[in-house]
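# Observations on the model geometry
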Amino acid sequence: MIEVKNIYKSFGEKEVLKDVSFVFERGKTNLIIGASGSGKSVLTKCIVGLHEIDSGEVLFDGRNFSDMNLKSRKEIRKEIGMLFQGSALFDSLSVEENVKFPLKMYASMTEKEMQERVNFCLGRVNLPGVNHLFPAELSGGMKKRVGIARAIAMNPKYLFCDEPNSGLDPQTSIVIDNLIEEITKEYDITTVVVTHDMNSVIEIGSKIMFIYKGRKAWEGDKVTITQSNIQELNDFVFASHIMKKLRG
Amino acid sequence: MIRVFSKPDKIRIFFKQLIDEIYGLGLGSLGIISIISVFMGAVIVIQTASNIDSPLLPLYTVGFTARQSIILEFSPTIIALILAGKIGSNIASEIGTMRVSEQIDALEIMGVNSANFLVLPKVIASMFINPFLVIYSMFLGLFGGWLVGVSTGLCTSYEYIYGIRYDFEMFSVTYALVKTVFFAFVITSIPAYHGYYTKGGALEVGRSSTKGVVYSSIAVLLTNYVLTQILLI
C-alpha cells in the first residue's frame, strides 16, 4: 500500500503539487490521470523520491519514505519497479543484460539462476528469444515490454508505470495495459500507472485519481468516472468524439 | 562529488566497468595519439633545426630541444587537450543522453548510486591509463622527430640521440606524469558533471558536450600553469 499525505512540490516560484493526498492499495491498478502539465509525472517522481517534496509524507506500507536517509531509501527502492515513458533501457546493454542488471546489482543468485529469471521475465511479457537484441533494434511496444520485464525482475512490491502507452498503436496499448493488470494481480503488487489515455482508464482503472492543476480533483474507479459532476474531469474524459458518443 | 567518490555498490561490477573504460577511453585513443605524437615530434625537429643559425650551436641541440619540449609540455598537455575533446565530448554526451532519456532515473529507482556508477569508473580509468598513453606519446614523438631529422638530413642519428640523452633528468618525466594524472581527472570529471546535470533534450546534450570540452580544456591549461609553478619553480 502506498499512502501519500498532503504533499506540496514547487519548482522555484511555480507550485506544481498542492496538498495532494491519497491511498493506493495492493493488488489494484491505480491510475493517476490528468491533462499534460497537470503534475502527474512530477507526482510519481515525488512518490519514488526522484524529486524531493517540499512538505508532506509518502509511506510505503507504513514506512515513511520522505523522512528516510539515502541508505534506507535504497532498501525501499529495491522493492520498486518502474517503467518509464521512453522505456529508459540502457542503450549499451542487450535486452538480456538490461533485465539482468538489477539482479546482478542486488540479487544473491548464481549466473544460471539469473539466466532463468531473465528468461522467465521475458517470457512473461511475451518476448522470448530476443535476449541478444539491443534496444535500438526493438519496436516501441517491445521496448515497453522489456521495460516491464526489467521492472518485475526483482519481484517488486510496487510497480510504477509512467505513460506506458505513449507512442504505441491502440492494439499494442491494450496488450501493455492487460500485461500490467495481469502482473498486478498475479504478484499482488501495488501498481501506479500515470496516463492520459482514456482506453487505459476504461480497461484497467481499478482506482483512478484525477489531477487538475496540481491538485487532486477527483477520486474513483472506471465505473464512477463517467458519472462525475466535476466539469474539469468531464472535459478530460469526454474530450474525444468516441467518448462523447458513449456518453450518449 | 561525495556520491561519485563513495564506495561502489558492487565491486565486481565496478572492476568490469573499469576495464571497459580503460579499453574505451584509453586504448581507443591510441590511434589519434600515435598520429599526433609522430607529427608533433617531426614538426618540433624541423622548427628547431630551421631556427638554428649559429654555427656555435651543436646539432644535438635539435634532439635536446625535441626531448625537452615533448616530455615537459607537448606530450602531457597537448595530448590532454586532444583527449579533452575526444573523451570529454564522449563522456558528456553519453551521460547527458542517459539523463534526458531517463536512464539515470532508472538507475536511481533501482537503488543504484548513479553518479558513482557512471562517473567513478571513467575518472579512475583515465587517471590510470593516461600516464601510459603519455609515455607512449613521448616515445612516438621522439621517434617522429628522429625519423624526420635523419631522413631530411637536418641532423644525424647519433647527434639526435646524443641530444635526447644530454643532461637528462628523470624528474622531467615524473613532472609530466604528475600533470597527466591531474589532467586525466579534469578531462573526465568536468564533462561528466555537465553531462550528469543536462536538462532538456538533444540540443541540451550537445550544449553539455560543448561546455564539457571547453571548460575541461581551460581547466587543463590552468592546472598546467599551477602545477608548473609548484613543481618546477
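Here's what I pulled together on the structure shown here.

Conventions adopted
Numbering of residues starts from 1 in each chain and follows the order in which that chain's sequence is written. Throughout, the order in which chains and ligands are written sets their labels, letters from A for the former and numbers from 1 for the latter. Confidence filtering applies because this is a predicted model: local features only for residues at pLDDT of at least 70, side-chain atom pairs given and counted only at 80 or more, and all residues used for totals across whole chains, interfaces and linings. Water and hydrogen atoms were dropped before computing side-chain values, which therefore reflect all heavy atoms in the structure. Numbering of helices and strands runs from the N terminus; a helix is a DSSP stretch of H or I covering at least four residues, while a strand is a stretch of E covering at least two. For the exposure calls, accessible area comes from a 1.4 Å probe over protein chains only, and a residue counts as buried if that area is under 20% of its type's maximum, exposed if over 50%, partly exposed in between. We call two residues in contact when some of their heavy atoms are within 4.5 Å. The accessible surface values rely on the Shrake-Rupley method and a 1.4 Å probe; as for residues, cover is taken only from the protein chains in view. The charge count treats Lys and Arg as positive and Asp and Glu as negative. His and the chain ends do not count. Charge placement uses NZ in Lys and CZ in Arg. For Asp and Glu, CG and CD serve respectively. C-alpha atoms define the radius of gyration, and 2.2 Å times the number of residues to the power 0.38 defines the globule rule. Method remark: on a 1 Å grid restricted to protein atoms, a set of points is classed as a cavity if a 1.4 Å probe fits but cannot get out and as a pocket if it is open with protein on both sides within 12 Å along at least five of seven lines; lining residues have an atom within 4 Å of a point. Grid points are joined across faces, edges and corners, and a volume is the space filled by probe spheres set on the points. Asp, Glu, Lys and Arg are counted as charged, while Ala, Val, Leu, Ile, Met, Phe, Trp, Tyr, Cys and Pro are counted as nonpolar; the rest, among them Gly, fall into the polar class. What counts as buried area is the accessible surface, traced by a 1.4 Å probe, that two parts surrender upon association, with contributions from both included. We define a salt bridge as a contact between a side-chain nitrogen of Lys or Arg and a carboxyl oxygen of Asp or Glu at a distance within 4 Å. Nitrogen and oxygen atoms within 3.5 Å of one another constitute a polar contact, given that in protein one can donate a hydrogen and the other can accept it, and given that sequence-neighbouring residues count only through two side-chain atoms. Here, nonpolar core refers to any group of buried Ala, Val, Leu, Ile, Met, Phe, Trp, Tyr and Cys residues whose side-chain atoms link them within 4.5 Å. Paired strands, as defined in this entry, are two strands with at least two bridges between them according to DSSP. Comment: axis = line fitted to C-alpha atoms, over the contacting stretch for helices; angle = value between 0 and 180 degrees taken between N-to-C directions. Only the six-membered ring of Trp is used, alongside the rings of Phe and Tyr, when aromatic pairs are assigned; centres must lie within 6.5 Å, and planes under 30 degrees apart are stacked while those over 60 apart are edge-to-face, with the rest tilted. Lysine NZ or arginine CZ positioned within 6 Å of the ring centre and within 35 degrees of the ring normal marks a charge as sitting over the ring. Helix span, expected: 1.5 Å multiplied by one less than the number of residues in the helix. For this quantity, the arc is that covered by the directions from the helix axis to the C-beta atoms. Cysteine sulfurs are considered disulfide-paired once they come within 2.5 Å of each other.

### As for the overall build of chain B
- Scanning chain B from N- to C-terminus turns up 8 helices and 0 strands.
- The secondary structure elements of chain B, listed N-terminal to C-terminal, are α-α-α-α-α-α-α-α.
- Here chain B, with 233 residues, has 50% of them falling under the buried criterion.
- Restricting to contacts in chain B with at least 6 residues of sequence separation, those with at least 24 account for 85%.
- Total accessible area on chain B is roughly 11100 Å²; 71% of this is exposed by carbon and sulfur atoms.
- Charge separation in chain B, taken as the distance between the mean sites of 14 positive and 13 negative side-chain charges, equals 8 Å.

### Quick word on the overall build of chain A
- The secondary structure content of chain A amounts to 9 helices and 10 strands.
- Taken over the C-alpha trace, chain A has a radius of gyration of 18 Å; the compact-globule value for 248 residues is 18 Å, and the two agree within 12%.
- Here the C-alpha coordinates of chain A stretch approximately 55 × 45 × 30 Å along the principal axes.
- Counting the 248 residues in chain A, one finds 53% classified as buried.
- Of the contacts formed within chain A by residues at least 6 apart in sequence, a portion of 65% connects residues at least 24 apart.
- In the structure as shown, chain A presents an accessible area of about 11000 Å², 50% of it carried by carbon and sulfur atoms.
- Side chains of chain A carry 33 positive and 33 negative charges; the gap between the two charge centres is 1 Å.

### What to know about empty space enclosed by the protein
- According to the stated counting rule, one finds 4 cavities of 30 Å³ or more in the structure shown.
- Mapped by element, the contributors of at least two residues to the lining of the largest cavity are β6 (80–83), α3 (95–106) and α5 (140–152) of chain A together with α4 (103–109) of chain B.
- Counting residues per element, the lining of the largest cavity draws most heavily on β6(A), at 3 residues.
- Residue composition of the lining of the largest cavity, by class: 11 nonpolar, 1 polar and 3 charged.

### As for unusual backbone geometry
All names here are of chain A.
- Notably, N126 is not glycine yet its phi reads approximately 60 degrees, a positive angle.
- By the element assignment, N126 lies in the loop between α4 (111–124) and α5.
- Not every positive phi belongs to a glycine, and K213 is a case in point at roughly 50 degrees.
- Here K213 shows up in the loop between β9 (207–212) and β10 (215–220).
- By relative accessible area, K213 is classed as exposed at 57%.

### Things to note about the interface of chain A and chain B
- Tallying the contact residues gives 24 residues for chain A and 17 residues for chain B.
- Carbon and sulfur atoms make up 63% of the area that chain A and chain B hide from each other, which totals about 1800 Å².
- Inspection of the chain A/chain B interface yields 3 salt bridges.
- Between E102(B) and K45(A) there is a salt bridge, with the nearest N and O atoms lying 3.3 Å from each other.
- Between chain A and chain B we count 6 residue pairs in polar contact (both at pLDDT 80 or more) in total.
- Looking at the side of chain A that touches chain B, the elements that each hand over two or more residues are α2 (70–77), β6 and α3 of chain A.
- Per-element tally for the side of chain A that touches chain B: the top contributor is α3(A), with 5 residues.

### Section: the nonpolar core
- Core analysis: the largest hydrophobic core is formed by 88 residues, its most contacted members being I2(A), I7(A), L43(A), I47(A), F60(A) and F160(A).
- Beyond its immediate stretch of four places on either side in the chain, L43(A) contacts I7(A), L17(A), V20(A), F22(A), I32(A), M209(A) and I211(A).

### A look at the sheet that holds β10(A)
Residue and element names in this part refer to chain A.
- Reading across the sheet, the 6 strands line up as β6-β7-β8-β3-β9-β10 and stay open at both edges, with mixed pairing between neighbours. Where the open sheet ends on each side, the last strands, each with one partner, are β6 and β10. On average, each strand axis in the sheet is inclined to that of its neighbour by 20 degrees, with strand direction left out of account.

### Looking at the packing of aromatic side chains
- Under the criterion given, the structure shown has 16 aromatic pairs over all chains.
- A ring pair is formed by F60(A) and Y158(A), whose centres lie 4.8 Å apart and whose planes are at 75 degrees; its orientation type is edge-to-face. With a gap of 98 residues between them, F60(A) in strand β4 (residues 55–60) and Y158(A) in strand β7 (residues 158–162) connect regions that are remote in the sequence.
- Judged by its relative accessible area of 0%, Y158(A) falls in the buried class.
- Aromatic side chains Y193(B) and Y197(B) sit 5.1 Å apart centroid to centroid with 50 degrees between the ring planes, which places their arrangement in the tilted category. The two residues Y193(B) and Y197(B) agree in class, both being exposed.
- In this structure, R73(A) packs its charged tip against the face of F65(A), placed 4.8 Å from the ring centre.

### Remarks on the pairing of β7(A)
Residue and element names in this part refer to chain A.
- Across the 5 residues that make up β7, a large majority, 5, are buried.
- Burial along β7 is two-sided: Y158, F160 and D162 facing one way and L159 and C161 facing the other are all buried.
- Bridge count between β6 and β7: 4 bridges; the pairing is parallel. The partner of G81 across the bridge, within β7, is L159.

### Observations regarding α4(A)
Residue and element names in this part refer to chain A.
- Given a rise of 1.5 Å per residue, 14 residues ought to cover 20 Å, and the 20 Å separating the end C-alpha atoms of α4 matches this to within 8%.
- Along α4, the positions that sit buried rather than exposed are M114, R117, V118, C121, L122 and R124. Summarising the axial view, the buried residues of α4 lie within an arc of 155 degrees, below the 170-degree limit, and thus occupy one face.
- In this structure, the buried residues of α4 make contact with α3, α5 and α6 (170–187).

### A look at the state of the cysteines
Residues and elements named next belong to chain A.
- A complete count under the given rule lists 0 disulfides over all chains for this structure.
- C121 supplies the cysteine sulfur nearest to C161, a cysteine that is in no disulfide, at a spacing of 14 Å.
- By relative accessible area, which is 1% here, C161 ends up buried.

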